[in-house]
Number of protein chains: 2
Amino acid sequence: MGEFDLIARYFQRPRPQGDYVALGIGDDCALLAPRAGTQLAISSDMLVEGRHFLSTVSPEALGHKALAVNLSDLAACGAKPLAFTLALSLPRVDEAWLEGFSRGLFALAHAHGCALVGGDTTQGPLNICITVFGEVPVVAGKSQALLRSGAQAGDDIYVSGTVGHARLALEVFRGNVQISEELFAQARLRMERPTPRVALGTALRGVATAAIDVSDGLLGDLGHILKASGCGAEIAIDSVAAPAIFHWANDGFDIEFCREMSAAGGDDYELVFTAPPSARDAVAQAASHSATPVTHIGQITAERALVLRDADGSLVANTFSSFDHFKTA
Amino acid sequence: MGEFDLIARYFQRPRPQGDYVALGIGDDCALLAPRAGTQLAISSDMLVEGRHFLSTVSPEALGHKALAVNLSDLAACGAKPLAFTLALSLPRVDEAWLEGFSRGLFALAHAHGCALVGGDTTQGPLNICITVFGEVPVVAGKSQALLRSGAQAGDDIYVSGTVGHARLALEVFRGNVQISEELFAQARLRMERPTPRVALGTALRGVATAAIDVSDGLLGDLGHILKASGCGAEIAIDSVAAPAIFHWANDGFDIEFCREMSAAGGDDYELVFTAPPSARDAVAQAASHSATPVTHIGQITAERALVLRDADGSLVANTFSSFDHFKTA
């Protein structure tokens, strides 16, 4: 099977709904027709075997994850997904792999009304690069995008869902820890099929002052907000780690391990965001409307430092380091 | 050096001119602010060592080529370059490589006023994925994009510049042919530093009926126009091959070899386009205004066949096959 047959068989779908896609797959360029009064949010992620996924992952889960990590970036900006391009380097034409990968990819794409509009396929080491496009409204001349730079001293800090499972699964795959089958199934699902928090992200427009998605680790990613906003934070570390502390107890993990997985784990694709105390009701409403649990985990401070406290208010040393794609973990 | 230092040092430049970039590198998404009455043209290309470039290429030339092949897709659509994202997988952090690559990349980007607005970097087998964004005007409700599907029976067929040098250089690198140093220098330059025909592409808006860029081979790429437009073509094969026949004579190549390189070579990044005979003056003006030579090479026909004729008008068998990224040449 040649390049064009491969695209036609696995990646070309009927023309998607939505008048923003003026031209999809099949020409030199795709054409988007942005609506008046909107900005286009763009994010690009490249996934490499061994760095972003293990060879044990199913093609279907990989198709899901490749798009999910990009949709998560749109979510962190409060952007509504519109379309994406897919560039794919494959060692060989493996039809079973392509069938599974495209099924996982399109299932998530359809769930978000996000059309595949173009891309590239070539032979080479397995590499998946998706670039995603979303829409952000501009209201009274002001972009409604959630940025990293808007946090203010006194703002509350929240995280969506739970963090830590994805890293726990990775540690099991690495042979560093052993856990019950039930917990492993949960953790593996989080690692391999993350849920991009798109509905929460768009619901937080005009409510959150800053946001980021947790890809490299909660504290490290929060650090990007603090740097961009020129402020610091005080975090109740056991609020972050509470789900792990509570649910992993049967597997014999101590509190330090639960903190490490939760605060520095990475690959969670939850949202960390800030909002003023006056917006607490609005945050609760955004969580409720998007059916996404959010937890208050701390406060933004004027002093440029990241302070961690345990449940008793005692200081906890910050020994947690994020994932770096150029360092070997 | 970690991921964020690498981006800051080699890829983060002062905020570009142009109010369409509302937010560049450094947040979860970049934000573009499309102008009213325009569409956004999008193209994505992935370059893999051994498939799209040889390990002998200089990092600077590779930075140039990685962007050039994407700008060429914009040119084929008649789109004006605005911005691009870069996703880069690198085996290791090699500062000399990064310095050269980014120099070549930004030299071409600046020449076209095209801003790097985001992307991704990771460790893995060398892979370069650029997604490029361009602007196409919409006039009286009609997109001015040049598509593959607009060719009509009776239209003239043109190619810009010359084709064949890039493939000739590849054959030298493969050890299949030997040529003079002078010709090799010319051919290698065409292979490693292609010139995207952006000025010609935008000048052809409203003039050309269809266009495509020559990446896989002139006849194969023309075939995409014929298929999309539902028509055929008659090509004066020696008009296509004339520059090779004339300039490569001293190197002892016969006419069949010159035809093969020119008609099926690939990697030329010239434009093949169609326009009605009534637009001959307008085509000449577009060529002149963009300082890009164009050659008339044939005619679109109603019958869905690709017919090749030599300088005497005799039929030439079409034994030329294009480059397929999933077949080994």
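Residues numbered from 1 in each chain as written. Chains lettered and ligands numbered in written order. Predicted model: local features only at pLDDT ≥ 70, side-chain atom pairs only at ≥ 80, totals over all residues. Heavy atoms only, no water.

**Q** Could you clarify how one ought to interpret unusual backbone geometry in this entry?
**A** Of all residues except glycine, most have a negative phi; of all peptide bonds, most are trans. Non-glycine residue Ala140(A) carries a positive phi angle of around 50 degrees. Locating Ala140(A) in the fold gives a position in the loop between strand 6 (127-139) and strand 7 (142-143). Positive phi is not limited to glycine here, since Ala291(B) has a value of about 50 degrees. Inspection of the secondary structure puts Ala291(B) in the loop between helix 10 (280-289) and strand 12 (294-301). (Helix = DSSP H or I, 4+ residues; strand = E, 2+ residues; numbered from the N terminus.)

**Q** Any chance you could explain the sheet that holds strand 14 (residues 315-316) of chain A here in plain terms?
**A** Pairing between the strands of a sheet is mediated by backbone hydrogen bonds and can be parallel or antiparallel. Residue and element names in this part refer to chain A. The strand order across the open sheet formed by seven strands is 9-11-8-12-10-13-14, and the pairing between neighbours is mixed. Since the sheet does not close on itself, it has two edges, and those belong to strand 9 (210-213) and strand 14, each with one partner. Of the strand pairs in this sheet, strand 8 (residues 156-160) and strand 11 (residues 271-275) are connected by four bridges, and their pairing is antiparallel. Directly across from valine 159, in strand 11, lies its bridge partner valine 272. (Pairing = 2+ DSSP bridges.)

**Q** Help me understand helix 7 (residues 218-229) of chain B in this model?
**A** Along an α-helix, residues three or four apart share an orientation, since each turn contains 3.6 residues. Residues and elements named next belong to chain B. Its 12 residues place the ends of helix 7 17 Å apart at the C-alpha level, agreeing with the 16 Å of an ideal helix rising 1.5 Å per residue. Turning to helix 7, its buried residues number three or more, namely Leu218, Leu219, Asp221, Leu222, Ile225, Leu226 and Ser229. Seen along its axis, helix 7 keeps its buried residues to an arc of 165 degrees; they face one direction. Backbone geometry just after helix 7 places glycine 230 at a positive phi near 65 degrees. (Expected span 1.5 Å × (residues − 1). Buried < 20%, exposed > 50% of the residue type's maximum accessible area, 1.4 Å probe, protein only. Arc of directions from axis to C-beta.)

**Q** Please explain the interface of chain A and chain B as it appears in this structure.
**A** The accessible area lost on association of the parts is a frequent measure of interface size. Contacts between chain A and chain B engage 64 residues on the former and 63 residues on the latter. Together chain A and chain B conceal approximately 5,000 Å² of surface at their shared face, both sides included; 60% is due to carbon and sulfur atoms. The partner of Asp27(B) in a salt bridge is Arg148(A), and the shortest N-O contact between them spans 3.8 Å. At the boundary of chain A and chain B, one finds 17 residue pairs in polar contact (both at pLDDT 80 or more). Classifying every residue of the side of chain A that touches chain B by side-chain character gives 33 nonpolar, 20 polar and 11 charged. Note that strand 2 (residues 30-32) of chain A and strand 3 (residues 38-48) of chain B share three bridges and pair antiparallel. (Contact = heavy atoms within 4.5 Å. Buried area = accessible area lost by both parts, 1.4 Å probe. Salt bridge = Lys/Arg side-chain N within 4 Å of Asp/Glu carboxyl O. Polar contact = N/O pair within 3.5 Å; in protein donor to acceptor, adjacent residues only side chain to side chain. Nonpolar A, V, L, I, M, F, W, Y, C, P; charged D, E, K, R; others polar.)

**Q** Help me out: how do you make sense of the packing of helix 8 (residues 237-247) of chain B against helix 9 (residues 255-264) of chain B in this one?
**A** Any two packed helices are characterised by how steeply their axes cross, that is the angle between the axes, and by the distance between the axes. All names here are of chain B. Running from amino to carboxyl end, helix 8 crosses helix 9 at an angle of 105 degrees, the nearest separation of the two axes being 8 Å. One element, helix 8, and the other, helix 9, form an angle in the roughly perpendicular class. When helix 8 is examined against helix 9, the residues Ile237, Asp238, Val240, Ala241, Ala244 and Ile245 are found in contact with a partner set consisting of Ile255, Cys258, Arg259, Ser262 and Ala263. Looking at the contact of helix 8 with helix 9 residue by residue, the class counts come to eight nonpolar, one polar and two charged. (Axes fitted to C-alpha atoms, helices over the stretch in contact; angles between N-to-C directions. Parallel < 35°, antiparallel > 145°, perpendicular 65-115°, else oblique.)

**Q** I keep staring at the pairing of strand 8 of chain A and nothing clicks. Help me out?
**A** A regular strand places its side chains so that they alternate between the two faces of the sheet. The element strand 8 of chain A is largely enclosed, with a buried count of five among its five residues. What you see with strand 8 of chain A is no split at all: Asp156(A), Tyr158(A) and Ser160(A) on one side and Ile157(A) and Val159(A) on the other are buried throughout.

**Q** Is there a simple way to think about the pattern of salt bridges in this case?
**A** Oppositely charged side chains may form a pair once their charged atoms are brought near each other. Applying the stated criterion to the full structure yields 31 salt bridges over all chains. We note a salt bridge from Glu171(A) to Arg167(A), for which the minimum N-O separation is 2.8 Å. Of this pair, Glu171(A) and Arg167(A) both sit in helix 4 (residues 165-173), four residues apart, roughly one helical turn. Per residue, the accessibility class of Glu171(A) equals that of Arg167(A), and both read buried. Between Arg35(B) and Glu135(B) there is a salt bridge; the shortest N-O distance is 2.7 Å.

**Q** When you look at the packing of helix 1 (residues 3-10) of chain B against helix 3 (residues 95-111) of chain B in this model, what are you seeing that I'm missing?
**A** Residues and elements named next belong to chain B. For the pair helix 1 and helix 3, interaxial distance at closest approach is 10 Å and the crossing angle is 45 degrees. By the angle class used here, helix 1 and helix 3 are oblique. Between helix 1 and helix 3 the crossing geometry is right-handed. The residues of helix 3 that touch helix 1, namely those facing Leu6, Arg9 and Tyr10, are Glu95, Leu98, Glu99, Ser102 and Phe106. A per-class count over the contact of helix 1 with helix 3 returns four nonpolar, one polar and three charged. (Left-handed = near helix turned anticlockwise from the far one by under 90°.)

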